[in-house]
Amino acid sequence: MVGDLALPCSEPSAIPHDVAAALVAAGQRMDRRGWVPATSGNLSARLTDDRMAITRSGVHKGFLATRDIIVVDFDGVSLTSGMKPSAETLLHCQLYRLWPDVGAVLHGHSVAATALTLALPEAEAIDFEGYEIVKAWSAFTTHEVRATLPVIDNDQDMHRLAGRIAPILEAGAAPIGYVLRGHGVYVWGTDVAAALHRLEALEFLLATDIERRKLA
Ligand SMILES: [Zn+2]
């Protein structure tokens, strides 16, 4: 036994217990909020500079167990024998490869993200202005800002989709995450807790934007 590792460090499929437990708890919280219906969504955490722990394909996030967390390299190849990752793992790989300080990535399929982006079929972004909660992102220190959320058309071809997302990320144009139209959001942070904090803030922004449109 080495520290709190479930398996010895030398095992490429080893996942520290605290990382697996954090992903399980985040999945359960996302389920309680209704953000991961059916078996949708993916949650991951960086393990090293070339691999991550991520939820396996086809598991319901409300019933996650640590055995449902697998190790995948940054090419999207599973290092956990017999377990395969979701196709969307490539979008997680993209974020870890681009920024070394990304420690966790969360993706859900909320009603708010789905409804709002389908209701705005031409929108390439949604702007949020005047919201106190943007301070959930350290880049914002006041509500007197415009936080832009890129809206990207959904695609079942993950390589093509990643190719369309890349220039947006590289331009620094996704300060609070991004949303796939009719699908859901991607957010990230230095660890699972930070990413969950931002996911809650982003889902609040989306739900509030819908309420404002109803009142307008
Ligand atoms: Zn998805």
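Counting restarts for each chain, with residues numbered from 1 along the sequence as it is written. Only residues with pLDDT of at least 70 get local features here, since the model is predicted, and only at 80 or more are side-chain atom pairs given and counted; chain-wide, interface and lining totals rely on the full set of residues. For the side-chain quantities, the full set of heavy atoms in the structure was used; hydrogens and water were omitted.

(A) Seen up close, the overall build of the protein chain. Think of it this way: any DSSP run of H or I at least four residues long counts as a helix, any run of E at least two long counts as a strand, and we number them from the N terminus. Scanning the protein chain from N- to C-terminus turns up five helices and eight strands. Starting at the N terminus and ending at the C terminus, the protein chain contains elements arranged as α-β-β-β-α-β-α-β-β-α-β-β-α. Within these notes, the globule rule equals 2.2 Å times the number of residues to the 0.38 power, and the radius of gyration is based on C-alpha atoms. Its C-alpha atoms give the protein chain a radius of gyration of 17 Å, near enough to 17 Å, the size a compact globule of 216 residues would have. Summarising its shape, the C-alpha atoms of the protein chain cover approximately 60 × 30 × 30 Å along the three principal directions. When burial is assessed residue by residue, the protein chain has 49% of its 216 residues classed as buried. Long-range pairs, those at least 24 residues apart, make up 60% of the contacts in the protein chain between residues at least 6 apart in sequence. The protein chains shown are the only cover counted for residues, whose accessible areas, like all others here, come from Shrake-Rupley with a 1.4 Å probe. Approximately 10100 Å² of the protein chain is accessible, and the part contributed by carbon and sulfur atoms is 54%. For every residue, the accessible area (1.4 Å probe, protein chains only) is compared with the maximum for its type, and the residue is labelled buried under 20%, exposed over 50%, or partly exposed between those bounds. Residues are treated as being in contact if the distance between any of their heavy atoms lies within 4.5 Å.

(B) Spatial organisation of the pairing of strand E5 (residues 125-129). Going residue by residue along E5, you find Ile-126 and Phe-128 tucked away on one face and Ala-125, Asp-127 and Glu-129 left uncovered on the opposite face. At least two DSSP bridges between two strands are needed for those strands to be called paired. Here E5 pairs with strand E6 (residues 146-152) via five bridges, running antiparallel. Across the sheet, the residue bridging to Phe-128 is Ala-147, located in E6.

(C) Up close: the layout of surface pockets. The pocket and cavity definitions rest on a 1 Å grid over protein atoms only: a 1.4 Å probe that fits but cannot leave marks a cavity, an open set with protein on both sides within 12 Å along at least five of seven lines marks a pocket, and residues lining either have an atom within 4 Å of a point. Grid points are joined across faces, edges and corners, and a volume is the space filled by probe spheres set on the points. Approximately 330 Å³ is the volume attributed to the largest pocket. In terms of lining, the largest pocket is formed by 18 residues, of which the most central are Asp-101, Trp-137, Pro-175, Trp-188 and Arg-198. When residues in the lining of the largest pocket are grouped by element, the largest group, three residues, is from strand E8 (residues 184-189).

(D) Spatial organisation of the packing of aromatic side chains. Classification of ring pairs rests on two measures: the distance between centres of Phe, Tyr or Trp rings, Trp counted by its six-membered ring, which must be within 6.5 Å, and the angle between planes, read as stacked under 30 degrees, edge-to-face over 60 and tilted in between. What the rule picks out here adds up to five aromatic pairs. Arranged with centres 6.0 Å apart and planes meeting at 75 degrees, the rings of Phe-128 and Tyr-131 form a pair that is edge-to-face. The same class applies to Phe-128 as to Tyr-131, namely buried. Every member of this aromatic cluster is reached through a ring pair, and the members are Trp-99, Tyr-178, Tyr-186 and Trp-188.

(E) Here's a closer look at the packing of helix H3 (residues 111-119) against helix H5 (residues 192-215). The convention used is that axes are lines fitted to C-alpha atoms, helices contributing only their stretch in contact, and that angles between N-to-C directions extend from 0 to 180 degrees. Put simply, H3 and H5 touch, their axes get as near as 9 Å, and they point 50 degrees apart. Classified by the angle between their axes, H3 and H5 sit oblique to one another. Note on packing geometry: the crossing formed by H3 with H5 is left-handed. The residues of H5 that touch H3, namely those facing Ala-112, Ala-113 and Leu-116, are Glu-203, Leu-206, Ala-207, Asp-209, Ile-210 and Arg-213. When residues are sorted by character, Ala, Val, Leu, Ile, Met, Phe, Trp, Tyr, Cys and Pro go into the nonpolar class, Asp, Glu, Lys and Arg into the charged class, and all the rest, Gly among them, into the polar class. In terms of residue class, the contact of H3 with H5 is made up of six nonpolar, no polar and three charged. Oblique is the label for any angle not under 35 degrees, not over 145, and not in the 65 to 115 range, which are roughly parallel, roughly antiparallel and roughly perpendicular in turn. Each crossing gets its hand from how the near helix is turned against the far one by less than a right angle, where anticlockwise is left-handed and clockwise is right-handed.

(F) How the structure looks around the packing of helix H1 (residues 17-32) against H5. Where H1 meets H5, the closest approach of the two axes is 10 Å, and the angle between their N-to-C directions is 15 degrees. By the criterion of interaxial angle, the relationship of H1 to H5 is roughly parallel. When you trace H1 past H5, the crossing you get is right-handed. Within the contact between the two elements, H1 uses Ala-22, Leu-23, Ala-26, Arg-29 and Met-30 and H5 uses Val-192, Leu-196, Leu-199 and Glu-200.

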